[in-house]
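# Structural description and commentary
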Amino acid sequence: MKLAIAGVGNNISALIQGIAYYGMLDAEALPGVARPVLGGIAVTDIETVAVFDLAPNKVGKKLSDAMFAEPNNYPKLETPGPASDPEVTFGIADPTDRSQIDAVAQVLRDSGAEVFLYSLPTGLPELAAAYGRAAVDAGVAVVNCTPDPIAGLPALFAEAREKNIPMVGDDLQSHIGSSIVHGTVLSLLEERGITLTGSYQLNIGGNADFKNLREHGGNKEASKHRALRQKVGNTDSVTVIPSAGFVAHLHDRKIAHMSVEGRGWAGMPVRLEISLQVQDSSNAAGVIIDLIRIAAIAARRGEGGFPVAATQLLKSPQMLTEWHEQVPSGRAALSALAADHA
Ligand code: NAD
Ligand code: NA
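You'll find the protein entered in an unreviewed UniProt entry as Inositol-3-phosphate synthase, with Mangrovihabitans endophyticus given as the organism. Regarding the protein, the UniProt comment filed under Sequence similarities (unreviewed entry) reads as follows: "Belongs to the myo-inositol 1-phosphate synthase family."

Around ligand 1 there are 29 residues in total, and D53, K58, L120, T122 and Y131 lie nearest to it. One nitrogen or oxygen atom from the main chain of N10 is found 3.0 Å from an oxygen atom belonging to ligand 1. N11 is positioned with one of its backbone polar atoms (N or O) 2.9 Å from an oxygen atom of ligand 1. Taken by itself ligand 1 offers 850 Å² of open surface, and the protein chains cover 93% of this. In this structure, ligand 1 is accommodated by the largest pocket. Elements with a minimum of two residues in the shell around ligand 1: α1 (10-23), β4 (47-53), α4 (125-138), α7 (208-213) and α9 (280-300). Top element by residues in the shell around ligand 1 is α9. It accounts for 3 residues.

A separate point is the sheet that holds strand β10 (residues 238-246). Taken together, 4 strands build an open sheet; the order of strands is β10-β9-β11-β12 and the sheet is mixed. Whereas interior strands pair on both sides, the edge strands pair on one side only; in this sheet they are β10 and β12 (269-279). Neighbour-to-neighbour, the strand axes of the sheet open up by a mean angle of 15°, direction not taken into account. The pairing of strand β11 (residues 253-263) with β12 spans 11 bridges and is classified as antiparallel. Paired with R253 across the bridge in β12 is Q279. Packing of helix α8 (residues 218-228) onto the sheet brings it into contact with β9 (195-205), β10 and β11, and relative to β10 it is tilted by some 135°. Against the sheet, α9 engages β11 and β12, with an angle of about 85° to β12.

Attention now moves to unusual backbone geometry. Among all residues save glycine, negative phi is the norm, and among peptide bonds the norm is trans. Backbone torsion omega between E70 and P71 reads 5°, so that peptide bond is classified as cis. As for its position among the elements, P71 is in the loop between α2 (63-66) and β5 (88-90). Following G169, the chain continues into D170 via a peptide bond in cis, with omega recorded as 5°. With respect to the secondary-structure elements, D170 resides in the loop between β8 (167-168) and α6 (178-192). Here the phi dihedral of H251 falls at roughly 50°; this positive angle occurs in a residue that is not glycine. Take H251: it is sitting in the loop between β10 and β11. Residue classification places H251 among the partly exposed positions, given a relative accessible area of 44%.

Before going further, it helps to examine α9. Between the first and last C-alpha of α9 there are 31 Å, a value that for 21 residues agrees with the 30 Å anticipated at 1.5 Å per step. The buried fraction of α9 amounts to 17 of the 21 residues, a majority that puts the element mostly inside the structure. Just downstream of α9, G302 is the residue with a positive phi angle, here 70°.

Taken together, the 6 strands give an open sheet; going across it, the order is β5-β4-β1-β6-β7-β8, and neighbouring strands pair in parallel fashion. Of all strands in the sheet, those with a lone pairing partner are β5 and β8, marking the two edges. Here β4 pairs with β5 via 3 bridges, running parallel. In the sheet register, F52 faces β5, and the bridge partner there is T89. This element, helix α3 (residues 98-111), spans β1 (2-6), β4 and β6 (115-118) of the sheet and lies at about 170° to β4.

Let us now look at the pattern of salt bridges. One pass over the full model with this rule turns up 12 salt bridges. Here D137 ties to R133 by a salt bridge, and the two come within 2.9 Å at their closest N and O atoms. Of this pair, D137 and R133 both sit in helix α4, 4 residues apart, which is roughly one turn of the helix. Salt bridges sharing partners connect three or more residues here, namely R98, D102, R133, D137, E159 and K163.

This part covers the packing of aromatic side chains. Per the counting criterion, the structure on display carries 4 aromatic pairs. For the ring pair Y21 and Y22, a centre distance of 5.1 Å and an interplane angle of 80° mean the geometry is edge-to-face. Their ring planes at 55° and their centres at 5.8 Å tell us that Y118 and Y131 sit as a pair that is tilted. With Y118 in strand β6 and Y131 in helix α4, this pair connects stretches of sequence that are 13 residues apart. On the accessibility criterion, Y118 (0% relative accessible area) is buried.

Scoring rules and cut-offs
- Residues numbered from 1 in each chain as written.
- Chains lettered and ligands numbered in written order.
- Predicted model: local features only at pLDDT ≥ 70, side-chain atom pairs only at ≥ 80, totals over all residues.
- Heavy atoms only, no water.
- UniProt positions renumbered as here; feature names shortened; annotations may be inferred.
- Near = heavy atom within 4 Å.
- Polar contact = N/O pair within 3.5 Å; in protein donor to acceptor, adjacent residues only side chain to side chain.
- Areas by Shrake-Rupley, 256 points an atom, 1.4 Å probe, with all protein chains shown as cover.
- 1 Å grid on protein atoms, 1.4 Å probe; cavity = no way out; pocket = protein on both sides within 12 Å on 5 of 7 lines; lining within 4 Å.
- Sits in = over half its atoms within 2 Å of the grid points.
- Helix = DSSP H or I, 4+ residues; strand = E, 2+ residues; numbered from the N terminus.
- Pairing = 2+ DSSP bridges.
- Axes fitted to C-alpha atoms, helices over the stretch in contact; angles between N-to-C directions.
- Contact = heavy atoms within 4.5 Å.
- Buried < 20%, exposed > 50% of the residue type's maximum accessible area, 1.4 Å probe, protein only.
- Expected span 1.5 Å × (residues − 1).
- Salt bridge = Lys/Arg side-chain N within 4 Å of Asp/Glu carboxyl O.
- Phe/Tyr/Trp six-rings, centres within 6.5 Å; stacked < 30°, edge-to-face > 60°.

So this is what it looks like as structure tokens:
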């Protein structure tokens, strides 16, 4: 499966090293992988054919070098280099410059990429739109890791659907992140009839994404609320702080502290305190591997627009129906793809 990437940050280091890691293991047993084969594509079937970045210490380098360039700080694993190792090309710096968009579209066409993965820092919506434009011009399926809208751009989305180009977005939902854990606990209270009186979620970490989210957390916060609303109807009494602090020595580890308070029988208090500690960018890569395969399968089948199988893997999926109708059909579609070993 031929993949193009914009933004060689920690997520890509985790993705590329992880694929090499699984390449060293018995294909039947892949610890930490939900679906070893999805739509007939194995985890190790991914071939990177084009890579874009702007950082002077990444452009012009092989992907296998660029993914360790600062400020990337995902751990360096004892794995062989990637089988396909393209050089990082200069991407889009000025989203108003049509020639830069055209140049990226041309690289995408020449590379034979089936899927374009957008993995820039959050808070650059004009760049997200410009890269989305380039991918649609090139006829390449899009996966958007970030809360800056691409699938959420109505005109671009409609054009992609018209041209049978899949659009998987927006904002990936981490493998086992604060959204799914927090949402699950909130829905448990709701199901048991405990009245929620207040809840918060604080995330801290020491990577470039955390540093950036300190200033550009707006889209992220709204997106995290949408993720919680896949689980519970109302999040009015829930406070979400995407980046509560940059703690350098944590590197790419993330700590989420969640607090949930409610009232039970006779108004008596109930309280939960949960601490979740994860490798932040493994948490992204473990879901990116499914999103890019879902996009590739949809593209191969000529199905444009939003593939419903991606619903529960995103924080802000493009809803075809109301969320409570789409989540079960999304789950069924994902199971069907995982069972398809053809
Ligand atoms: P990162 O900051 O490590 O990497 C971003 C990369 O994009 C860097 O290499 C940077 O040089 C590059 N870049 C910046 N401007 C560019 C441009 N104009 N063109 C091409 N490249 C450019 O971030 P990351 O940890 O890899 O995360 C990527 C995105 O995924 C972020 O927006 C993050 O918020 C989002 N996300 C991450 C997680 C997770 O890690 N668990 C979960 C959900 C969403
Ligand atoms: Na990350």
